[in-house]
Amino acid sequence: MKFTAVFLCDYKNFAYLCNNHFNNGPFMNYENTIRPDGNDPDARASQMRERTLYAEGPAAPMQQMQQMQQRQATGKACPFCGAINDSEAMFCAQCGQPISKTACPHCGAEIDPDADYCEVCHHYAKRDVCSYCGAHLKGNEAYCPECGSPRSGLVCPTCSTLNNFAFCKKCGTALTEEAKHLVKELYRNPDYQELLEIVRDYSNLENALPYNSERDIVKEQMSQKLRERVLTLLAKDEGVETPVIPTMESKRMTKEELEEQKAVKVQMLSAILDKLSVPPMASPVQARNFAMAAKPQGVRLAWVCNWKHAMHSSPCGCAKPHLGGKWVILGNNHTDEIKDDK
C-alpha cells in the first residue's frame, strides 16, 4: 500500500512531504505509525490529522524550499563561515563579518564597509560619521554638531600638521576637548602612571653617554678628584678645617651595561603596553582615540593592528582600529616595516 504523508519535525517546525511504502518507510518504527492492517486503534485519528496537515501544510514547506534554493543560487556566500546571504548584504547575517566592498569617496579604491580609513590614498572615508568623536552625520555638515570640530581638519598647535582626527597623527597632541579629557582620565590609571615612569627611565638611558674606552673611565676619575680638591680648598677658605665633600655617583656605564639596562626597560615597557592594548570596539573612532591617548611620549613606538597585524606609525593610519591592537617599541630599526603615512 502506498501512502502520501507529511512529516512535521520539532527541530525547525518544517513539514516534509514524503512518498513511501509503509513496509519500508521511515514511519515504521514510531508509535503513531499508520498501519495498513488497521490494528492501530488510533489509525483513523492519525490519518485524519495527516490528511489535514497534507491539505494545509505542503505549500508552505515547498515554498520555503524554493526560496532557499533561489537564495543559494542568487545569494552571496560568506568567505568566513560559508553562510548564504542576500545579494545586497554588506555583512554576514551568521557571523557578522563584512562580505562586500565599498568605494573610497576620495580615490575610488575598494575598502571594506566597516573600514573608516582608506589605506590607499590615506584619507578618512566615512562621510556620515564624525572622524573626531564618532557622532552620526548627514554628510553635508561643515562642523560636527556633537563636538563642533571642522570637517576640513584641525591644525596641530605643536607641529602644524593638518589632521582629521582628535589626536595629531604626527606628534600625538590632543586636539579636541574630548581628547584632552580622555588623556586626563587615563592619567588616573595606575598602569599608565607606571608606563610613564618606565618611559622616563628608558628615555634617560637612550640619552646616556657610555664609556667608549678605558681612557674615558680614567678621565672621569680624574675629574672627580679635581672636583673634590676644589671643593676642599673652598671650604678651608671659609674656615672649615676638615670639610666633608659628598661623593658624586657617576651614572655613566659601559656600552654593555647600558644595553643590558635598556633591554630590561624594554621588557617592562612591553608588559605595560600589553596591559594597555586596545580591545575590539564597536566604533573605529573611539578605538583610535583611546589608542592615541594611551601613547606615551619620549619613546619610539609603532601601532600593530589586529586586522592585518601590520605595523603603522599610529592607529590614525589603520583602516580598522576597532578590531584592536597595541603599541610596540620600535627602537632604532624597523622603520621600513611601517606601511602607512608614506
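Residues numbered from 1 in each chain as written. Predicted model: local features only at pLDDT ≥ 70, side-chain atom pairs only at ≥ 80, totals over all residues. Heavy atoms only, no water.

### Overview of helix α6 (residues 255-275)
An ideal rise of 1.5 Å per residue puts 30 Å on 21 residues; α6 measures up with 31 Å between its terminal C-alpha atoms. All of the buried residues along α6 are Leu258, Lys262, Lys265, Leu269, Ile272 and Leu273. Projected down its long axis, α6 shows its buried positions confined to an angular sector of 95°, all on one face. In α6, the exposed residues that point more than 90 degrees away from the buried face are Glu256, Glu260, Gln267 and Lys275. (Helix = DSSP H or I, 4+ residues; strand = E, 2+ residues; numbered from the N terminus. Expected span 1.5 Å × (residues − 1). Buried < 20%, exposed > 50% of the residue type's maximum accessible area, 1.4 Å probe, protein only. Arc of directions from axis to C-beta.)

### As for the packing of helix α4 (residues 190-207) against α6
Contact geometry of α4 with α6 gives a least axis separation of 9 Å together with a crossing angle of 155°. In this view, α4 runs roughly antiparallel relative to α6, as classed from their interaxial angle. As α4 packs across α6, the resulting crossing turns out to be left-handed. Seen from α4, the contacting residues are Asp191, Glu194, Leu195, Ile198, Val199, Asp201, Tyr202, Leu205 and Glu206; seen from α6, they are Leu258, Gln261, Lys262, Lys265, Val266, Met268, Leu269, Ile272, Leu273 and Lys275. Partitioning the contact of α4 with α6 into residue classes produces eleven nonpolar, one polar and seven charged. (Axes fitted to C-alpha atoms, helices over the stretch in contact; angles between N-to-C directions. Parallel < 35°, antiparallel > 145°, perpendicular 65-115°, else oblique. Left-handed = near helix turned anticlockwise from the far one by under 90°. Contact = heavy atoms within 4.5 Å. Nonpolar A, V, L, I, M, F, W, Y, C, P; charged D, E, K, R; others polar.)

### Quick word on the sheet that holds strand β12 (residues 311-312)
Pairing is antiparallel across the open sheet formed by three strands, whose spatial order is β12-β11-β13. Whereas interior strands pair on both sides, the edge strands pair on one side only; in this sheet they are β12 and β13 (325-329). Note: strand β11 (residues 301-305) against β13, five bridges, orientation antiparallel. When the bridges of β13 are listed, Ala302 appears paired with Val328. Here α6 sits on the sheet in contact with β11 and β13, set at roughly 170° to β13. (Pairing = 2+ DSSP bridges.)

### So, the pattern of salt bridges
Here the structure, examined in full by the defined rule, presents 13 salt bridges. With a shortest N-O distance of 4.0 Å, Asp191 and Lys275 are connected by a salt bridge. Of this pair, Asp191 sits in helix α4 while Lys275 sits in helix α6; the two residues are 84 residues apart in sequence, bridging distant segments of the chain. A cluster of three or more residues bridged by salt bridges with shared partners is formed by Lys101, Asp112, Asp114 and Lys320. (Salt bridge = Lys/Arg side-chain N within 4 Å of Asp/Glu carboxyl O.)

### Focus on unusual backbone geometry
If you check the backbone angles, His122 has positive phi at about 60° while not being a glycine. When you line up the elements, His122 lands in the loop between β7 (117-118) and β8 (123-124). Note on His122: relative accessible area 25%, which makes it partly exposed. If you check the backbone angles, Ser160 has positive phi at about 65° while not being a glycine. Positionally, Ser160 belongs in the loop between β9 (154-155) and β10 (162-163). For Ser160, a relative accessible area of 58% translates into the label exposed.

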